[in-house]
There are 2 protein chains.
Amino acid sequence: MESTREWAEKQDSEDPLSSFRAEFDLPPGVIQLNGNSLGPLHGGVPEALDRVVRREWGEHLIRGWSEDGWWDAPVRVGDRIGRLIGAGPGQTVVGESTSVQLFNALTAAARLRPERTVLVSDAANFPTDRYLAASVARTLGLRLVETTVDGLPGVLARHRGEVGPVLCGAVDFRTGELWDLVRTTAEVRAAGGIAVWDLSHAAGAVPVEVDAAGVDLAVGCGYKYLSGGPGAPAFLYAAARHHDRLDLPLTGWHGHVRPFDMADEFVPAPGIDRARTGTPHILSLLALEAALVPLERAGVAAVREKSLRLGDLLVRLLADRLPAPARPEVVTPAAHHRRGSHLALRCPEASSVSAALMERGIVTDARPPDLLRLCLNGLYVSYTDVFDAVTALGDVRKEMSG
Amino acid sequence: MESTREWAEKQDSEDPLSSFRAEFDLPPGVIQLNGNSLGPLHGGVPEALDRVVRREWGEHLIRGWSEDGWWDAPVRVGDRIGRLIGAGPGQTVVGESTSVQLFNALTAAARLRPERTVLVSDAANFPTDRYLAASVARTLGLRLVETTVDGLPGVLARHRGEVGPVLCGAVDFRTGELWDLVRTTAEVRAAGGIAVWDLSHAAGAVPVEVDAAGVDLAVGCGYKYLSGGPGAPAFLYAAARHHDRLDLPLTGWHGHVRPFDMADEFVPAPGIDRARTGTPHILSLLALEAALVPLERAGVAAVREKSLRLGDLLVRLLADRLPAPARPEVVTPAAHHRRGSHLALRCPEASSVSAALMERGIVTDARPPDLLRLCLNGLYVSYTDVFDAVTALGDVRKEMSG
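Quick caveat: nothing in here was measured; it's all calculated off a predicted structure.

Here is what the cut-offs are and how they apply
- Residues numbered from 1 in each chain as written.
- Chains lettered and ligands numbered in written order.
- Predicted model: local features only at pLDDT ≥ 70, side-chain atom pairs only at ≥ 80, totals over all residues.
- Heavy atoms only, no water.
- Helix = DSSP H or I, 4+ residues; strand = E, 2+ residues; numbered from the N terminus.
- Rg over C-alpha atoms; globule rule 2.2 N^0.38 Å.
- Buried < 20%, exposed > 50% of the residue type's maximum accessible area, 1.4 Å probe, protein only.
- Contact = heavy atoms within 4.5 Å.
- Areas by Shrake-Rupley, 256 points an atom, 1.4 Å probe, with all protein chains shown as cover.
- Core = buried A, V, L, I, M, F, W, Y, C linked by side-chain atoms within 4.5 Å.
- Least-squares fit on C-alpha atoms with pLDDT ≥ 70 in both.
- Domains from an automatic or database assignment.
- Buried area = accessible area lost by both parts, 1.4 Å probe.
- Salt bridge = Lys/Arg side-chain N within 4 Å of Asp/Glu carboxyl O.
- Polar contact = N/O pair within 3.5 Å; in protein donor to acceptor, adjacent residues only side chain to side chain.
- Expected span 1.5 Å × (residues − 1).
- Bend = angle between axes of the 7 residues up to and from the residue.
- Pairing = 2+ DSSP bridges.
- Axes fitted to C-alpha atoms, helices over the stretch in contact; angles between N-to-C directions.

## Points about the overall build of chain A
The helix and strand inventory of chain A stands at 14 helices and 13 strands. Relative to a compact globule of 402 residues, whose C-alpha radius of gyration would be 21 Å, chain A shows 22 Å and is just as compact. By its C-alpha atoms, chain A is 70 × 60 × 35 Å across when sized along the principal axes. For chain A, the proportion of its 402 residues judged to be buried stands at 66%. Partitioning the intrachain contacts of chain A with sequence separation of at least 6 by distance along the chain shows that 72% fall at a separation of at least 24. Accessible surface computed for chain A: about 13600 Å², of which carbon and sulfur atoms make up 51%.

## Observations regarding the nonpolar core
Burial of nonpolar side chains together is a common tendency in soluble globular proteins. Core analysis: the biggest nonpolar cluster contains 228 residues, and A:W197, A:L199, A:L372, B:W197, B:L199 and B:L372 have the highest contact counts within it. Discounting residues that sit within four places of it in the chain, A:L372 has contacts with A:L343, A:A344, A:L345, A:C347, A:A350, A:V353, A:S354, A:L357, A:T364, A:D365, A:A366 and A:L393. Listed in part, the 58 residues of the second largest apolar core include A:A137, B:A238, B:I272 and B:A275.

## Some thoughts on the relation of the copies chain A and chain B
Note on the copies: chain A fits chain B at an RMSD of 0.0 Å, the axial shift is 0.0 Å, and the rotation between them is 180 degrees. Read as a symmetry element, the transformation amounts to a two-fold axis. Looking at the interface residues of chain A, 100% of them are also at the interface in chain B, so both copies use one shared face.

## Description of the domain arrangement of chain A
All names here are of chain A. As assigned here, chain A comprises domain 1 (5-32 + 299-401) and domain 2 (47-296). Relative to domain 2, the C-alpha centre of domain 1 lies at a distance of 30 Å. The junction of domain 1 with domain 2 conceals about 1800 Å² of combined surface from both sides, 57% of it contributed by carbon and sulfur atoms. When residues of domain 1 are sorted by the area they lose upon contact with domain 2, V300, R338 and H342 head the list and together hold 27% of the total. Between domain 1 and domain 2 we count one salt bridge in total. E177 is the partner of R338 in a salt bridge, and the nearest nitrogen-oxygen pair spans 2.0 Å. Here domain 1 and domain 2 share eleven residue pairs in polar contact (both at pLDDT 80 or more) between them. Elements represented by at least two residues in the side of domain 1 that touches domain 2 include exactly α2 (18-23), α12 (300-321), β10 (342-346) and β13 (371-375).

## A closer look at the environment of A:G220
Residue and element names in this part refer to chain A. Along the polypeptide, G220 turns up in strand β7 (residues 217-220). On the basis of relative accessible area, G220 is assigned to the buried category, the value being 0%. For the pair G220 and G169, spaced 51 residues apart in sequence, the C-alpha separation works out to 9.6 Å. Ignoring any residue separated from it by four or fewer positions in sequence, one finds G220 in contact with T98, D198, L199, S200, A234 and F235.

## A closer look at helix α11 (residues 282-298) of chain A
Residues and elements named next belong to chain A. Its 17 residues give α11 an end-to-end C-alpha distance of 25 Å, which sits within 8% of 24 Å, the value for a rise of 1.5 Å per residue. Along its length, α11 reaches its greatest deviation from straightness, about 25 degrees, at L292, and the proline P294 lies no more than four positions downstream. Taken across its 17 residues, α11 has 14 buried, putting it largely inside the fold. Two residues or fewer past α11, G299 is found with a positive phi of approximately 90 degrees.

## Observations regarding the pattern of salt bridges
Two side chains bearing opposite charge may form a pair once their charged atoms approach each other closely. Residue and element names in this part refer to chain A. In the structure shown here, the tally under the stated rule is 58 salt bridges over all chains. We note a salt bridge from R21 to D385, for which the minimum N-O separation is 3.0 Å. Residue R21 is located in helix α2, and its partner D385 is located in helix α14 (residues 383-401); the two are separated by 364 residues in the primary sequence. Classification of D385 by relative accessible area gives buried; the value is 6%. A salt bridge links R80 to E296; its shortest N-O distance comes to 2.6 Å.

## Considerations on the side chain of A:H256
All names here are of chain A. Mapped onto the secondary structure, H256 falls in the loop between β8 (235-238) and α11. Judged by its relative accessible area of 3%, H256 is buried. Engagement of the side chain of H256 in a polar contact is seen with the backbone nitrogen of V267, the distance being 3.4 Å.

## A short note on unusual backbone geometry
Of note, the amide linkage connecting A:P368 to A:P369 takes the cis form, showing an omega dihedral of 0 degrees. Residue placement: A:P369 occurs in the loop between β12 (365-367) and β13. The residue B:S227 is not glycine, and still its phi comes out positive at about 55 degrees. With respect to the helices, strands and loops of the structure, B:S227 is situated in the loop between β7 (217-220) and β8 (235-238).

## A closer look at the environment of A:E9
As for its position among the elements, A:E9 is in helix α1 (residues 5-14). Only 2.6 Å separates the side chain of A:E9 from the side chain of A:R5, close enough to count as a polar contact.

## Focus on the sheet that holds β13(A)
Each strand in a sheet pairs with another by means of backbone hydrogen bonds, the pair being arranged parallel or else antiparallel. All names here are of chain A. On the basis of which strands lie adjacent, the open sheet formed by four strands has the order β9-β10-β13-β12 and antiparallel pairing. Lying at the two open borders of the sheet, with one neighbouring strand each, are β9 (329-330) and β12. Taken together, the three bridges between β12 and β13 define a ladder with antiparallel strand orientation. Bridging across to β13, A366 finds its partner in L372. The sheet contacts of helix α13 (residues 350-359) involve β12 and β13, and relative to β13 the element is tilted by about 40 degrees.

## Quick word on the interface of chain A and chain B
Contacts between chain A and chain B engage 77 residues on the former and 77 residues on the latter. Here chain A and chain B share an interface that buries about 6300 Å² over both sides, 66% of which is from carbon and sulfur atoms. When residues of chain A are sorted by the area they lose upon contact with chain B, A:W57, A:Y131 and A:M262 head the list and together hold 13% of the total. Counting across the interface, chain A meets chain B through four salt bridges.

Right, dumping it as structure tokens:
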């Protein structure tokens, strides 16, 4: 019974979030299981953006900076994202790309511990994190040590008194494994280090409480679970206790204490405003702001709860409906507290499988060497979607092996 | 005769660029003299952006990266901006803010001259340039020397063999003075330095030939004369002769030689692709691309020629129509080869004057301590606009002194 389409339909009919799916402008027949790469378009975004373009830019021109709140947007949107990750107001700012924010955060983290000589980075981090960690280490003359989150306690012990910044991803972008942010943050801080988290696969997807966990710095992406649109600006969180000593390398004039004085020297603004950089990309930034509305209405906790249910259903359907030779191994941990919001399936020729699913309207993606990723965002993925995706996956695997 | 409104109207009727003004969505009664701060909205932009949002993002989802050309956008739009500044293809990339591109360019410039210990920055540069120059110098352990462009030969002589990067603004953001980019570039290179230009007030406004001048690196802004919208992404130019050794600090995964290999180490892409950073802000970037169309159709040379005529008219009208006590001093050089595309007027209480002009629909801005800036972009400013602005300025000055 629990492996039938009828059962899935019944779940949808009882799902308190089911009405959200229709608010997203998904083309008919498309099942969007790749919101961990690019969240879909919410119906409120085009209208909001059109107002920004035609009325604010077109009619108000330069007055948009004051009258339409453009100037405050990086910190206003930052506060809204902050609420989704457990950050009190005045600690989050939005702008630039995640790569740039990583450079900014890691450099500032190192400067908070000027006597420390080692920068630690999660070996399972997304490539851009690893590349920026290497660049910051080289630029500042630090030694880069890569480890897994599991291996971190050993690294902290071996380099006692040497470790400054520690950059970890809250969710493994390949396997979907969710790390214990609270415990790891505590370990890093107990060792005198600075915990820097990449929340790209966590913000808007899993409950994160950066303030309560004592996180030092964090960055994250605007276009995955926040659905802010292709290349939506990234965010930077810095705990208030560090603000006075937060010495960021990207000293753009928007971070100056009195930007319109056009003063000779950079004097950082108090608070998180110092982490503003140059003029923010208003169109991309305000599209992101509009995209936050449905997530705020639904609440991260409810989205997360449904996402876990969808994941459980996916695992069960794979076991019940796919014959053993066609059944891919689920790489993501089964335990809820160890699972992010996508499931990774080990699958030979994952890229070809993903392409064949795309032809059937099911959007997934593949990551080397052999992982098929299915993102189960509770905001717009239905139980029936999961059922249909598993059916299609079975068909594709059968065809490819036939 | 040449100081009457009828004469100005006749100029407009004979102006080959006059039809462009109507293509911009300027509100009725508004005279936009502040395109050096925020260019106005061209009528082609909202439609282009709506297509990107609704069709590409909304319908194509992740396929937008390949099918709609999002992946190539930073270098495709870069090449289009490159043509406006005399850069051959494959040397210009678009993304992030000008502040971030300054950090990237100055660090790479310093690394091209690892034995050099001095970073020179134009003391008249826009604040963000000065702040980033100071940040790069501090981060890399270089000595920062500020000078004016006039004083540069003396600095190069005093620090013979020591000067690496030299950052200059092509047009003074306050006074509107246009510097001799060709001569200064030659001076810097003859001294063994790396010429880095901020073209924010030049790109799309004055003819610049970066290739022919032998410029090493350049950055510039997308929202001034390129009219790309509030916070439009910035561009970075790097001469092809430096590409193989171009060692940029912002090693985002989009700059990797094979980004989808998700490899352990950053290996820069050949050519300008290595200067890509993180995922580009597609909405802001493609709005900028659409905004380039009218400028490409008109041509920078024609826009520049008209801009100079508008400037000449403004100077003459101030002299002819404003009584001496109300007549502000024109700070910008009169000679065409020394004049950028805005005129700066010395004017007590410049901010109040600008505000009073705004109430009359005339958009200008003020810069400390006492400069009123009037941007004369030939693409959408008419001769009649200049006449009406001078009349309004006379009225405002009279009222304020009365």
